[in-house]
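So the chains spell out like this:
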Amino acid sequence: MSDQMKAKAAAAALEEVKGGMRLGLGTGSTAEHFVRLLGPRVRAGLDVVGVPTSERTAALARSEGIRLATLEELPELDLTVDGADELDSELALIKGGGGALLREKIVASASARMIVIADASKKVETLGAFPLPIEVVPFGLGATRRAIAKVLEELGYTPRLSLRGGDASPYVTDGHHHILDADLRQIGAPRALSDALLRIPGVVEHGLFLGLAAAAYIAGDAGVEKVEP
Ligand code: 5RP
């Protein structure tokens, strides 16, 4: 059911794709629907080039015959289409459940427009029920983890901070970093949290996407709703 919804949201976003566009290609099951729907259009002659946000998406896009480029070759993109783990009515997002948040944020930031595609279960009043992914460098992991916990406590959270994959085999991102997932329950002031996290040495990026999404296609029982902030 939810997978059908994801496909419907992806199909709605596909309508925004025009020939000649430079596209950011997101990561995750919803973004994969988009890439799978884009493939046949490309094979039918639609001329677009994609910049993938993960090795996984790159492999899928290649298998669909979508021409790929890097941000070195194409530093400015027209449109990025990507999923989200949570989105609020202002289109503030939590992303990174699939571990691709760093490349996703770089690609979205290089795009004139970012469109989110999601099923209605991702819509929330306040961000934070989904644990916030925080990407960190492996060096100094223990110290960085302590520093993050301290900052979160200073901001009034009682965080549960877990290393994705556990200590024995921590998850490794495409950029060779690790991810700490911070269960914060409710994020009252996302901008303040974002700023504080980015000041910690060892933190590479986090999954709060603020002011990046221009629109969202959200698929629910009543159809696909377009939301703009
Ligand atoms: C990957 C992401 C995904 O967009 C997010 O996790 C949503 O995934 P899905 O579409 O599978 O629900 O941020 O890093």
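Residues numbered from 1 in each chain as written. Predicted model: local features only at pLDDT ≥ 70, side-chain atom pairs only at ≥ 80, totals over all residues.

## Quick notes on the pairing of strand E2 (residues 49–52)
Right, on to step 1. Here strand E1 (residues 22–25) pairs with E2 via four bridges, running parallel. The residue of E2 that forms the bridge with Leu25 is Pro52.
Right, on to step 2. Since E1 and E2 lie parallel, the crossover through helix H2 (residues 29–43) that links them has a hand, and here it is right-handed.
Right, on to step 3. Judged from the two bridges that link them, E2 and strand E3 (residues 67–68) form a sheet pairing that is parallel. Across the sheet, Gly50 pairs through a bridge with Leu68, a residue of E3.
Right, on to step 4. At this point the chain moves from E2, through helix H3 (residues 55–63), to the parallel E3, and the crossover so formed is right-handed. (Pairing = 2+ DSSP bridges. Helix = DSSP H or I, 4+ residues; strand = E, 2+ residues; numbered from the N terminus. Right-handed = clockwise from strand over helix to strand, strands pointing away.)

## Observations regarding the site of the ligand
Right, on to step 1. What surrounds the ligand is a group of 18 residues, the closest being Gly28, Thr30, Gly83, Gly97 and Gly98.
Right, on to step 2. Counting only elements with at least two residues in the shell around the ligand, the list comes to H2 and helix H4 (101–109).
Right, on to step 3. Looking at the shell around the ligand, the element that brings in the most residues is H2, giving three residues. (Near = placed C-beta within 6 Å.)

## Remarks on the pairing of strand E7 (residues 111–119)
Right, on to step 1. Extensive coverage of E7 is indicated by the burial of seven of its nine residues.
Right, on to step 2. By the bridge criterion, five bridges tie strand E4 (residues 77–82) to E7 in an arrangement that is parallel. For Asp82, the partnering residue across the bridge sits in E7 and is Val116.
Right, on to step 3. Here E7 pairs with strand E13 (residues 215–220) via five bridges, running parallel. Looking across to E13, one finds that Asp119 is bridged to Ala219. (Buried ≥ 20, exposed ≤ 12 C-beta atoms within 10 Å, placed from the backbone.)

## Observations concerning the domain arrangement of the chain
Right, on to step 1. Here the chain is described as being made up of domain 1 (3–123 + 210–221) and domain 2 (132–206).
Right, on to step 2. Relative to domain 2, the C-alpha centre of domain 1 lies at a distance of 25 Å.
Right, on to step 3. Facing the 13 residues of domain 1 at the interface are 13 residues of domain 2.
Right, on to step 4. At four residues, the largest contribution of residues to the side of domain 1 that touches domain 2 is made by H4.
Right, on to step 5. The class makeup of the residues in the side of domain 1 that touches domain 2 is six nonpolar, four polar and three charged. (Domains from an automatic or database assignment. Contact = placed C-beta atoms within 7 Å. Nonpolar A, V, L, I, M, F, W, Y, C, P; charged D, E, K, R; others polar.)

## Overview of the UniProt feature "active site" (unreviewed entry) in the chain
Right, on to step 1. The positions that UniProt labels "active site" (unreviewed entry) are, in the present scheme, Glu104.
Right, on to step 2. A tally of 32 C-beta atoms within 10 Å means that Glu104 is categorised as buried.
Right, on to step 3. Beyond its immediate stretch of four places on either side in the chain, Glu104 contacts Gly26, Thr27, Thr53, Asp82 and Lys95. (UniProt positions renumbered as here; feature names shortened; annotations may be inferred.)

## Quick notes on unusual backbone geometry
Backbone geometry follows two general trends: most residues other than glycine have a negative phi, and most peptide bonds adopt the trans configuration.
Right, on to step 1. One non-glycine residue, Leu91, lies in the positive phi region at around 65°.
Right, on to step 2. Here Leu91 shows up in the loop between strand E5 (86–87) and strand E6 (93–94).
Right, on to step 3. Among the residues examined, Leu91 registers 21 C-beta atoms within 10 Å and is labelled buried.
Right, on to step 4. Of note in this structure, Arg185 is not a glycine but carries a positive phi near 65°.
Right, on to step 5. Classification of Arg185 as exposed rests on a count of 12 C-beta atoms within 10 Å.

## Examining the nonpolar core
Right, on to step 1. Counting 54 residues, the largest nonpolar core has Ala9, Val116 and Ile117 as its most contacted members.
Right, on to step 2. The leading source of residues in this core is helix H1 (residues 2–14), at six residues.
Right, on to step 3. Counting the residues that make up this core, at least three belong to each of domain 1 (3–123 + 210–221) and domain 2 (132–206).
Right, on to step 4. Leave out the neighbours within four places in its chain, and Val116 touches Asp82, Gly83, Ala84, Leu87, Leu91, Leu93, Ala213 and Ala216. (Core = buried A, V, L, I, M, F, W, Y, C linked by C-beta atoms within 7 Å.)

## Concerning the environment of Leu46
Right, on to step 1. You can see Leu46 is positioned in the loop between H2 and E2.
Right, on to step 2. Spatially, the C-alpha atom of Leu46 lies 32 Å from that of Lys123, the residues being 77 residues apart in sequence.
Right, on to step 3. With residues near it in sequence (within four places) discarded, Leu46 still touches Gly19 and Arg41.

## Looking at the packing of H1 against H2
Right, on to step 1. The interhelical angle for the contact between H1 and H2, taken along N-to-C directions, is 50°, at an axis separation of 8 Å. Regarding the angle of H1 to H2, the classification is oblique. Seen along the crossing, H1 lies across H2 with a hand that is right-handed. Within the contact between the two elements, H1 uses Lys6, Ala7, Ala9, Ala10, Ala11, Ala13 and Leu14 and H2 uses Ser29, Thr30, His33, Phe34, Leu37 and Leu38.
Right, on to step 2. The class makeup of the residues in the contact of H1 with H2 is nine nonpolar, three polar and one charged. (Axes fitted to C-alpha atoms, helices over the stretch in contact; angles between N-to-C directions. Parallel < 35°, antiparallel > 145°, perpendicular 65-115°, else oblique. Left-handed = near helix turned anticlockwise from the far one by under 90°.)

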